[in-house]
Amino acid sequence: MKKIEIHTFSELISQGKTPEILFWVGCAGSFDDRAKKITKAFANILTQANVSFAVLGSEEGCTGDPAKRAGNEFLFQMQALTNIEVLNGYNIKKIVTTCPHCFNTLKNEYPELGGNYDVMHHTQFIKSLLKEGRVSVKGGVFKGKRITFHDPCYLGRANNVYEAPRDVLEKLDVELSEMKSCKQKGLCCGAGGAQMFKDAEKGDKEINIKRTEEALETKPDIIASGCPFCNTMLSDGIKYKKKENEIEVLDIAELINQASDL
Amino acid sequence: MISLIPNIIFIALFSFALYLFVKNVKKIYRNINLGISIDRTDNKKTRLFQMLKIAFGQSKMIDKPIVGLLHVVVYVGFLVINIELLEIIVDGTLGTHRVFAPFLGSFYNFLIAFFEIFAFLVIVSVIIFWIRRNMLNIKRFLSLEMKGWPKNDANIILYVEIVLMVLFLTMNGADLWIQQNAPEFNYISAGSFPVSQYLLPLFDSFSSNSVFIIERSAWWLHIIGILCFLNYLYYSKHLHILLAFPNTYFANLNAKGKFTNLKSVTNEVKMMLDPSIDPYSSTSSVEISKFGASDVFDLSKIQLLNAYTCTECGRCTSECPANQTGKKLSPRKIMMDTRDRMETVGKNIDNNKGKFISDGKELLSDYISKEELWACTSCNACVEACPIGIDPLSIIMDMRRYLVMEKSDAPSELNNMMSNIENNGAPWPFNQMDKLNWKNEI
Ligand code: SF4
Ligand code: SF4
């Protein structure tokens, strides 16, 4: 097992090396305790698969997604143009990220502002690693477990990525049971559009509780997702339902990390 | 001369109906043009394909298979009966009777049979629709914004459709009776009547003259009904039968997650980031524009077309996570409010000789509240659900932009989040310098 080494672009470039891929960690992935575990799991997968990658570290600023969805186009474009300057400065071509919000913004909203990259979500990237045989999974760890997959809005509806995370799950020999609203009709976890950072408006229920209830209907052992924000919302939902001892909320990267012969 | 009177009445009625219709179309066109132009003339082929698939092919209606099928029946019924309409118009204008029959021969029989079967299926479907809408407690038909006119509008259309179909079948049945029993009227022996033949016994107790009067009355009432329907559209959610076509043609082709980048902002931000740009040079002196939208004038023409096209079905609202959890937000209401406001502005312009005189109201606040706007998670469920390519989310986003950039009026937690991004490059109060600290925890 290789030791995980995290380098920044600036370090490697000063040593004369050019990493192939930028791992865009994102704010949640860098600062949120739960999301950091996803970051580490994915960093381990990249390391064991011998992917030539680096991060931006302190040169990585918020993509501006929450500002943009809150309506602050100024702040968004300030962030975008600053990030693009850094990205283009390192001549970055390929980006992989564990956050669907960063994924969407980098992929769809940066090009018009001068940032053109090949952007992948980590579930797509893991799928390609599995396909190329650079990562392989041992059957058994999750064999027979019931898993339901929650589609992050910014991965699914926003970008039509529905199959990659499911293809990865299939490799785990699990029993995938879909919620009644999934894929195109998947219910939001309640965090998007900057809702993560504020209390909800008056209503009769929290969105994450509703989504958790839909997940519980499938009687899962594990709820899988591919977004640090969905993860937080659903983990909170599971705690609210006092099910945290029976049901785990895990990211696709964590599942693969636990199941692979890394 | 006397024999020409019906033709003259017909031509007069028809021209008048057409005149009113054109007037309404012009109004719609004028009102849509209150919006800002955006370029959707690219990718003509993809757009055409999208229109054929979604509007003509009703591809999104099969999402709910039974309702979808019934809707297709009514829609196809609408299309085919328009062919019949052509004959009615020619007959009315020239004073002929079933003018196409001699030319089309047995194909004519086939056509009439086809129309009759569809007329019958339409009646059945419409009755089921009525029951669904009024007797089954389907949530999306019961929301707050569906009280009053929207509910009546939906039912009126259903009644009109039944009446038109019944008139059509009565006309055919009486015609067939005359063909068989009253040679003195010289009705051409044409058509095949798989449905209305069952009405024949009903006419047996009448005199030939009375049946003739029934046939003529049904004919007239049917065409007058259609002309009224044509002019009712403008006041109704049923505009979608026409506007679904341009609406799906011009609908967004990009990934749903891609929100527009405001060009006017880009220029200003570039200037801020690059002090070497002279703000007073001619290339950089952009016109100061309003950021975001507070009224219909700030929305795009496509968004306004969306509002006229909305059929108030509520598929968007029933998928909306905010609405499902009891929040005030309903994407359908966003579209209905936009249309109502556009209508009010249009009337204002009509009353003030072509100029809008401020009525002290705006779409934002007077129609759509901030509470609704801030409840949106930008999840795109509404956009995905709409069967005719409407994008309520884009209107919500434009209004948030106005609130934040023009009014600095965001919920305070969001202001905190934004000042964190501004100061530390993250939505939380962490230092950007610490962004790689996770590495030490491995
Ligand atoms: S995008 Fe907003 S309005 Fe549309 S369904 Fe999602 S939360 Fe509701
Ligand atoms: S926006 Fe679309 S889905 Fe929503 S009510 Fe109107 S037509 Fe129906």
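Residues numbered from 1 in each chain as written. Chains lettered and ligands numbered in written order. Predicted model: local features only at pLDDT ≥ 70, side-chain atom pairs only at ≥ 80, totals over all residues. Heavy atoms only, no water.

## Considering the layout of surface pockets
All names here are of chain B. Heads up, the condition is: Think of a 1 Å grid over just the protein atoms. A cavity is a set of points where a 1.4 Å probe fits yet cannot get out, a pocket is an open set with protein on both sides within 12 Å along at least five of seven lines, and lining residues have an atom within 4 Å of a point. Grid points are joined across faces, edges and corners, and a volume is the space filled by probe spheres set on the points. Numbered from the N terminus, helices here are DSSP runs of H or I no shorter than four residues, and strands are runs of E no shorter than two. Each residue is assigned to one of three groups, with Ala, Val, Leu, Ile, Met, Phe, Trp, Tyr, Cys and Pro labelled nonpolar, Asp, Glu, Lys and Arg labelled charged, and all others, Gly among them, labelled polar. Domain limits in this description derive from either an automatic procedure or a database domain assignment.
Estimates place the volume of the second largest pocket at around 1,100 Å³. Around the second largest pocket sit 49 residues that line it, and Val-74, Glu-161, His-238, His-240 and Ile-241 are the ones nearest its centre. Contributions of two or more residues to the lining of the second largest pocket are made by helix H1 (5–32), helix H2 (44–56), helix H3 (65–94), helix H5 (106–134), helix H6 (149–181), helix H8 (208–232) and helix H9 (240–249). Here the lining of the second largest pocket gets 11 residues from one element, more than from any other, and that element is H3. Considered class by class, the residues forming the lining of the second largest pocket number 35 nonpolar, 8 polar and 6 charged. Mapped onto the domain boundaries, the lining of the second largest pocket takes at least three residues apiece from domain 1 (2–32 + 64–249) and domain 2 (263–427).

## Focus: empty space enclosed by the protein
Residue and element names in this part refer to chain A. Scanning all chains against the criterion turns up 8 cavities of 30 Å³ or more. Counted as a void, the largest cavity has a volume near 190 Å³. Around the largest cavity, the lining is made up of 18 residues, and of these Asp-65, Pro-66, His-101, Phe-197 and Phe-229 lie nearest the centre. Elements with a contribution of two residues or more to the lining of the largest cavity: helix H2 (26–31), helix H4 (65–70) and helix H6 (100–109). Here the lining of the largest cavity takes 3 residues from H2, the largest share from any one element. Taken together, the residues of the lining of the largest cavity sort by class into 12 nonpolar, 5 polar and 1 charged. Each of domain 1 (9–128) and domain 2 (135–259) gives at least three residues to the lining of the largest cavity.

## Focus: the sheet that holds strand S5 (residues 146–149) of chain A
The strands that make up a sheet pair up through hydrogen bonds in the backbone, lying either parallel or antiparallel. All names here are of chain A. Condition: Strands were regarded as paired on the criterion that DSSP finds at least two bridges between them. Throughout, a contact is declared for two residues whenever any of their heavy atoms are within 4.5 Å. Here an angle of 0 to 180 degrees is reported between the N-to-C directions of two axes, which are lines fitted to C-alpha atoms, with helices fitted over the stretch in contact.
The strand order S6-S5-S7-S8 describes an open sheet built from 4 strands, whose pairing is parallel. Sheet topology places strand S6 (175–176) and strand S8 (248–251) at the edges, where each strand pairs with a single neighbour. Across the sheet, helix H11 (residues 252–259) lies against S5, strand S7 (222–225) and S8, angled at about 90° from S8, the strand it touches most.

## Some thoughts on the packing of helix H11 (residues 301–309) of chain B against helix H14 (residues 331–351) of chain B
All names here are of chain B. Using the following cut-off: The labels follow the angle: roughly parallel below 35 degrees, roughly antiparallel above 145, roughly perpendicular from 65 to 115, and oblique for the rest.
Here H11 crosses H14 at 100°, and the two axes come no closer than 8 Å. Between H11 and H14, the crossing angle belongs to the class labelled roughly perpendicular. Contact with H11, carried on its side by Gln-303, Leu-304, Asn-306, Ala-307 and Tyr-308, involves Met-335, Thr-338, Arg-339, Met-342 and Glu-343 of H14 and no other residues of that element. When grouped by side-chain class, the residues that make up the contact of H11 with H14 number 5 nonpolar, 3 polar and 2 charged.

## Structural notes on the environment of Ser-235 of chain A
All names here are of chain A. To keep it simple, the criterion reads: Only protein chains enter the accessibility calculation, which uses a 1.4 Å probe; a residue whose area is less than 20% of its type maximum is buried, one above 50% is exposed, and one in between is partly exposed.
Here Ser-235 lies in helix H10 (residues 228–240). Accessibility expressed as a relative area gives 15% for Ser-235, which makes it buried. In the structure, Ser-235 is positioned 12 residues away from Ile-223 in sequence and 9.1 Å away in space, judged by C-alpha atoms.

## Re the interface of chain B and chain A
Let me state the cut-off plainly: Put simply, buried area is the surface a 1.4 Å probe can reach on two separate parts but cannot reach once they are joined, added for both. For salt bridges, the criterion is a side-chain nitrogen of Lys or Arg within 4 Å of an Asp or Glu carboxyl oxygen. Side-chain atoms alone can form a polar contact between residues adjacent in sequence; in general such a contact is a pair of N or O atoms within 3.5 Å, and within protein one must be able to donate a hydrogen while the other accepts it.
Listed per partner, the contact involves 62 residues of chain B and 71 residues of chain A. Between chain B and chain A, roughly 5,900 Å² of surface is buried when both sides are summed, and carbon and sulfur atoms account for 64% of that area. Two residues, Glu-441 of chain B and Lys-36 of chain A, come together in a salt bridge whose shortest N-O distance is 3.1 Å. At the surface where chain B touches chain A, the tally comes to 37 residue pairs in polar contact (both at pLDDT 80 or more). When contributions to the side of chain B that touches chain A are tallied by element, the ones reaching two or more residues are helix H10 (263–273), helix H13 (321–324), helix H16 (370–374), helix H17 (381–385), helix H18 (392–406) and helix H19 (412–424) of chain B. Per-element tally for the side of chain B that touches chain A: the top contributor is H10 of chain B, with 7 residues. When the residues that make up the side of chain B that touches chain A are grouped by side-chain class, the tally is 31 nonpolar, 13 polar and 18 charged.

## Some points on the nonpolar core
Note the cut-off: Grouping buried Ala, Val, Leu, Ile, Met, Phe, Trp, Tyr and Cys residues that are joined through side-chain atoms within 4.5 Å yields what is termed a nonpolar core.
Ranked by size, the top nonpolar core spans 114 residues in total, and within it Leu-56, Leu-87 and Ile-95 of chain A together with Leu-414 of chain B carry the most contacts. Beyond its immediate sequence surroundings of up to four residues, Leu-414 of chain B is in contact with Ala-70, Ala-194, Phe-197 and Lys-198 of chain A together with Trp-374 of chain B. Counting residues in hydrophobic clusters, the runner-up holds 47 residues, among them Val-67, Leu-158, Met-171 and Leu-176 of chain B.

## Structural notes on the domain arrangement of chain A
Residues and elements named next belong to chain A. The domain architecture assigned to chain A consists of domain 1 (9–128) and domain 2 (135–259). One C-alpha centre belongs to domain 1, the other to domain 2; they are set 22 Å apart. Taken residue by residue, the interface counts 28 residues in domain 1 and 29 residues in domain 2. Across the domain 1 to domain 2 interface the summed buried area is about 2,300 Å²; carbon plus sulfur atoms make up 70%. On the domain 1 side of the contact with domain 2, Arg-34, His-101 and Thr-123 bury the most area, a combined 23% of that side's loss. At the boundary of domain 1 and domain 2, one finds 2 salt bridges.

## Topic: the site of ligand 2
Cut-off, in case you're wondering: Distances are taken per atom, and a residue is near a molecule or strand as soon as one of its heavy atoms is within 4 Å of it.
Contacts to ligand 2 come from 13 residues, most closely from Cys-310, Cys-313, Gly-314, Cys-316 and Cys-386 of chain B. For the shell around ligand 2, the elements supplying multiple residues, two or more each, are helix H12 (315–319) and H14 of chain B.

## Side note on the site of ligand 1
Residues and elements named next belong to chain B. Looking at ligand 1, there are 13 residues lining it, with Cys-320, Cys-376, Thr-377, Cys-379 and Cys-382 nearest. Those elements giving two or more residues to the shell around ligand 1 turn out to be H17 and H18. For the shell around ligand 1, the residue count by class is 10 nonpolar, 3 polar and no charged.

## As for the pattern of salt bridges
Summed over all chains, the structure comprises 39 salt bridges over all chains. A salt bridge links Asp-409 of chain B to Lys-370 of chain B, with the shortest nitrogen-to-oxygen separation between them at 2.7 Å. Of this pair, Asp-409 of chain B sits in the loop between H18 and H19 while Lys-370 of chain B sits in helix H16, and the two are 39 residues apart along the sequence. For Arg-401 of chain B, the salt bridge is made with Asp-398 of chain B, and the minimal N-O distance between the two is 3.6 Å. Separated by 3 residues within a single helix, Arg-401 of chain B and Asp-398 of chain B lie in helix H18, roughly one turn from each other. Here the salt bridges do not stand alone but share partners, grouping Asp-33, Lys-36 and Lys-40 of chain A together with Glu-441 of chain B into one network.

## Some details on the packing of aromatic side chains
So the rule is basically this: Centres within 6.5 Å are what make two rings of Phe, Tyr or Trp a pair, Trp counting through its six-membered ring; a difference in plane orientation under 30 degrees is then read as stacked, over 60 as edge-to-face, and the rest as tilted.
Within the structure shown, the criterion is met by 24 aromatic pairs over all chains. Aromatic pair Phe-9 of chain A and Tyr-90 of chain A: ring centres 5.6 Å apart, planes at 35°, arrangement tilted. Of the two residues, Phe-9 of chain A is situated in helix H1 (residues 9–14) and Tyr-90 of chain A in the loop between helix H5 (73–89) and strand S3 (94–97); the sequence distance between them amounts to 81 residues. Accessibility classification places Phe-9 of chain A together with Tyr-90 of chain A in one group, the buried group. Seen from their ring centres, Phe-10 of chain B and Phe-14 of chain B are 5.9 Å apart, and the 5° between their planes marks the pair as stacked. Taken as a pair, Phe-10 of chain B and Phe-14 of chain B lie in helix H1 at a separation of 4 residues, close to a single helical turn.

## A word on the domain arrangement of chain B
Residues and elements named next belong to chain B. According to the domain assignment, chain B consists of domain 1 (2–32 + 64–249) and domain 2 (263–427). Between the C-alpha centres of domain 1 and domain 2 the distance comes to 40 Å. Each side of the interface is counted separately: domain 1 has 25 residues, and domain 2 has 27 residues. Both faces combined, the contact of domain 1 with domain 2 buries some 2,200 Å², and carbon together with sulfur accounts for 52% of it. On the domain 1 side of the interface with domain 2, the three residues burying the most area are Ile-32, Arg-140 and Asn-247, jointly 29% of the side's total. Taken together, the links from domain 1 to domain 2 amount to 3 salt bridges. Glu-145 serves as the salt-bridge partner of Arg-332, at 3.1 Å between the closest nitrogen and oxygen. Between domain 1 and domain 2 we count 14 residue pairs in polar contact (both at pLDDT 80 or more) in total.

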